[in-house]
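Reading the structure
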Amino acid sequence: DSGVTQTPKHLITATGQRVTLRCSPRSGDLSVYWYQQSLDQGLQFLIQYYNGEERAKGNILERFSAQQFPDLHSELNLSSLELGDSALYFCASSVVGSLAGGGTYNEQFFGPGTRLTVL
Amino acid sequence: QQPVQSPQAVILREGEDAVINCSSSKALYSVHWYRQKHGEAPVFLMILLKGGEQKGHDKISASFNEKKQQSSLYLTASQLSYSGTYFCGTISSGSARQLTFGSGTQLTVLP
């Protein structure tokens, strides 16, 4: 258990609909990342938030949006859904660690994912 | 740009060794390795930083060639539990700390 929670676990909806996926990061982690993983594909980075502000954007469609709230949980909103949006959506939170030699690293902990099926 | 992993898939017997490679066309700050079981979340294995530092699990080893922007993950004396898809993720030097993942290597360990 990574400590990152995501709800719901499964979501089945129809084309054209809108859904909201929710993520709660590990206690103390300020960064939240969203990834999309289509069937047998790699992880595609969508967007990152840090302490409530958007930090980086990846291949996120205009139909998708996200936000991070003051309590640090995050929501990913997917609208005008298409069949191709069916995928596993992962949220990750991260901690910045330091190594003995002074290097810093960013370790991401992934939640269990939300499986979205668009019919 | 996505790092390139090789091989795409490998099948081995319990106790055999395997090497998974990851290469990037960009100058890298760090390389991250994750393992994902089917339908589950990716699990962190290892981080290798430019300059030689690394953090990971005792039973996993990896290397990072900064000149070639390549990393290799070494799985020795493989166990059935090693089966899964291995992803490398890279963070480029000078960029936001954003991980770009490769397409994965599917590892199957047979008894």
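Below: a short report on this structure. It should be emphasised that the depicted structure is a prediction, and the values quoted were computed from it without experimental measurement.

1. Some details on the overall build of chain A
- The helix and strand inventory of chain A stands at zero helices and eleven strands.
- Starting at the N terminus, the α and β elements of chain A follow one another as β-β-β-β-β-β-β-β-β-β-β.
- Computed over the C-alpha atoms, the radius of gyration of chain A is 15 Å, within 12% of the 14 Å expected from 2.2 N^0.38 for a compact globule of 119 residues.
- Taken over the C-alpha atoms alone, chain A extends approximately 50 × 30 × 25 Å along its principal axes.
- Buried positions account for 51% of the 119 residues belonging to chain A.
- If you sum the accessible surface of chain A, you get close to 5700 Å²; carbon and sulfur atoms cover 47% of it.
- Within chain A, the 11 negative side-chain charges are centred at a point lying 3 Å from the centre of the 8 positive side-chain charges.

2. Here's the deal with the sheet that holds strand β8 (residues 70-75) of chain B
Residue and element names in this part refer to chain B.
- Here four strands make up an open sheet; going across it, the order is β1-β3-β8-β7 and the pairing antiparallel. Edge positions in the sheet fall to β1 (4-6) and β7 (61-65), since each has one partner strand and no second. Ignoring which end each strand starts from, the neighbouring axes of this sheet average 15° apart.
- Strand direction decides the pairing type here: β7 and β8, joined by five bridges, are antiparallel. Paired with Ser61 across the bridge in β8 is Tyr74.

3. Focus on the side chain of Gln69 of chain B
All names here are of chain B.
- Relative to the helices and strands, Gln69 is located in the loop between β7 and β8.
- A polar atom in the side chain of Gln69 sits 2.4 Å from the backbone oxygen of Glu66.
- Residue contacts for Gln69: discarding those within four places in its chain leaves Cys22, Ser23, Ser24, Lys26, Ala27, Leu28 and Phe64.

4. Some details on the interface of chain B and chain A
- With 22 residues of chain B at the interface, the matching set in chain A holds 27 residues.
- Buried surface at the junction of chain B and chain A, both sides included, amounts to about 1900 Å², of which 58% is carbon and sulfur.
- On the chain B side of the contact with chain A, Glu53, Gln98 and Phe101 of chain B bury the most area, a combined 24% of that side's loss.
- Counting the contacts that link chain B with chain A gives zero salt bridges.

5. Side note on the pattern of salt bridges
All names here are of chain A.
- Enumeration over the complete set of coordinates arrives at three salt bridges over all chains.
- Here Asp29 and Arg26 are joined by a salt bridge, their closest N and O atoms 2.8 Å apart.
- A residue is classified by how much of its surface remains accessible, and Asp29, at 3% relative accessible area, is buried.
- When its relative accessible area of 21% is taken as the criterion, Arg26 is described as partly exposed.
- In this structure, Glu82 and Arg63 form a salt bridge, with 3.7 Å as the shortest nitrogen-oxygen distance. Taken together, the residues span a long stretch of sequence, with Glu82 in the loop between β8 (74-78) and β9 (87-98) and Arg63 in the loop between β6 (53-57) and β7 (64-68) at a distance of 19 residues.

6. Quick notes on the environment of Gln8 of chain B
- Secondary-structure assignment places Gln8 of chain B in the loop between β1 and β2 (9-13).
- Considered as a pair, Gln8 of chain B and Lys50 of chain B are 42 residues apart in the sequence and their alpha carbons are 25 Å apart.

7. A look at the pairing of β8 of chain A
Residues and elements named next belong to chain A.
- Counting buried positions along β8 gives five out of five residues, so the element sits mostly inside the fold.
- Side-chain alternation along β8 places Ser74, Leu76 and Leu78 on one buried face and Glu75 and Asn77 on a second face that is also buried.
- Pairing analysis gives five bridges linking strand β3 (residues 19-24) to β8, with the strands arranged antiparallel. Bridge pairing in β8 links Arg22 to Glu75.
- Here β7 runs beside β8; their pairing, made up of five bridges, is antiparallel. Within β8, the position partnered with Gln67 by the bridge is Glu75.

8. Quick word on the sheet that holds strand β1 (residues 5-7) of chain A
Residue and element names in this part refer to chain A.
- Reading across the sheet, the four strands line up as β1-β3-β8-β7 and stay open at both edges, with antiparallel pairing between neighbours. Strand pairing shows two members of the sheet lacking a second neighbour, β1 and β7, which therefore form its edges. Strand-to-strand twist across the sheet, computed as the mean angle between neighbouring axes with direction ignored, equals 15°.
- Two strands pair when backbone bridges link them, and β1 and β3 are joined in this way by three bridges, in the antiparallel orientation.

Cut-offs and rules
Residues numbered from 1 in each chain as written. Chains lettered and ligands numbered in written order. Predicted model: local features only at pLDDT ≥ 70, side-chain atom pairs only at ≥ 80, totals over all residues. Heavy atoms only, no water. Helix = DSSP H or I, 4+ residues; strand = E, 2+ residues; numbered from the N terminus. Rg over C-alpha atoms; globule rule 2.2 N^0.38 Å. Buried < 20%, exposed > 50% of the residue type's maximum accessible area, 1.4 Å probe, protein only. Areas by Shrake-Rupley, 256 points an atom, 1.4 Å probe, with all protein chains shown as cover. Lys, Arg positive; Asp, Glu negative; His and termini not counted. Charge placed at Lys NZ, Arg CZ, Asp CG, Glu CD. Pairing = 2+ DSSP bridges. Axes fitted to C-alpha atoms, helices over the stretch in contact; angles between N-to-C directions. Polar contact = N/O pair within 3.5 Å; in protein donor to acceptor, adjacent residues only side chain to side chain. Contact = heavy atoms within 4.5 Å. Buried area = accessible area lost by both parts, 1.4 Å probe. Salt bridge = Lys/Arg side-chain N within 4 Å of Asp/Glu carboxyl O.

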